[in-house]
Amino acid sequence: MKKDHVPSGSDVSAGTFECTKCGNVIKVQSISSLPPCGKCHNGDWKVLTGKGDAEVDPYPKS
Ligand SMILES: [Zn+2]
């Protein structure tokens, strides 16, 4: 099973998450508590990468 949205406070594996309200994108390592959005304080994240969700990621990688 995979979830494509996670609330802040969730424990997540390393991945990339996009704020569902303002589109802010964060990358995190595996952490026990996903923070709320640093820009708009929204608490709902869309999973872009991680958890086996392998959608093409348009976010530029270095
Ligand atoms: Zn936001």
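Residues numbered from 1 in each chain as written. Predicted model: local features only at pLDDT ≥ 70, side-chain atom pairs only at ≥ 80, totals over all residues.

Trainee: Please set out the overall build of the protein chain residue by residue, giving values where relevant.
Mentor: From N to C terminus, the protein chain includes zero helices and four strands. Listing each helix as α and each strand as β along the protein chain from the N terminus yields β-β-β-β. Counting over 62 residues, the protein chain shows a buried share of 10%. Considering only contacts in the protein chain between residues 6 or more positions apart, those separated by 24 or more positions represent 53%. (Helix = DSSP H or I, 4+ residues; strand = E, 2+ residues; numbered from the N terminus. Buried ≥ 20, exposed ≤ 12 C-beta atoms within 10 Å, placed from the backbone. Contact = placed C-beta atoms within 7 Å.)

Trainee: A description of the sheet that holds strand β1 (residues 5-7) should follow, citing residues and the corresponding values.
Mentor: Sheet strands pair by backbone hydrogen bonding; their relative direction is either parallel or antiparallel. With antiparallel pairing, the four strands of this open sheet are ordered in space as β1-β4-β2-β3. Across the chains shown, the open sheet's two edge strands, defined by having one partner strand only, are β1 and β3 (25-28). Each neighbouring strand pair of the sheet contributes to a mean axis angle of 35 degrees, computed without reference to strand direction. Pairing analysis gives four bridges linking strand β2 (residues 15-19) to β3, with the strands arranged antiparallel. Residue Thr16 lies in a different strand from β3, and its bridge partner there is Lys27. (Pairing = 2+ DSSP bridges. Axes fitted to C-alpha atoms, helices over the stretch in contact; angles between N-to-C directions.)

Trainee: Can you tell me about unusual backbone geometry, naming the residues and giving the values?
Mentor: Positive phi values are uncommon outside glycine, yet His41 reaches one of about 65 degrees. Looking at the element boundaries, His41 is found in the loop between β3 and β4 (44-49).

Any link to function would need more than the numbers given here.
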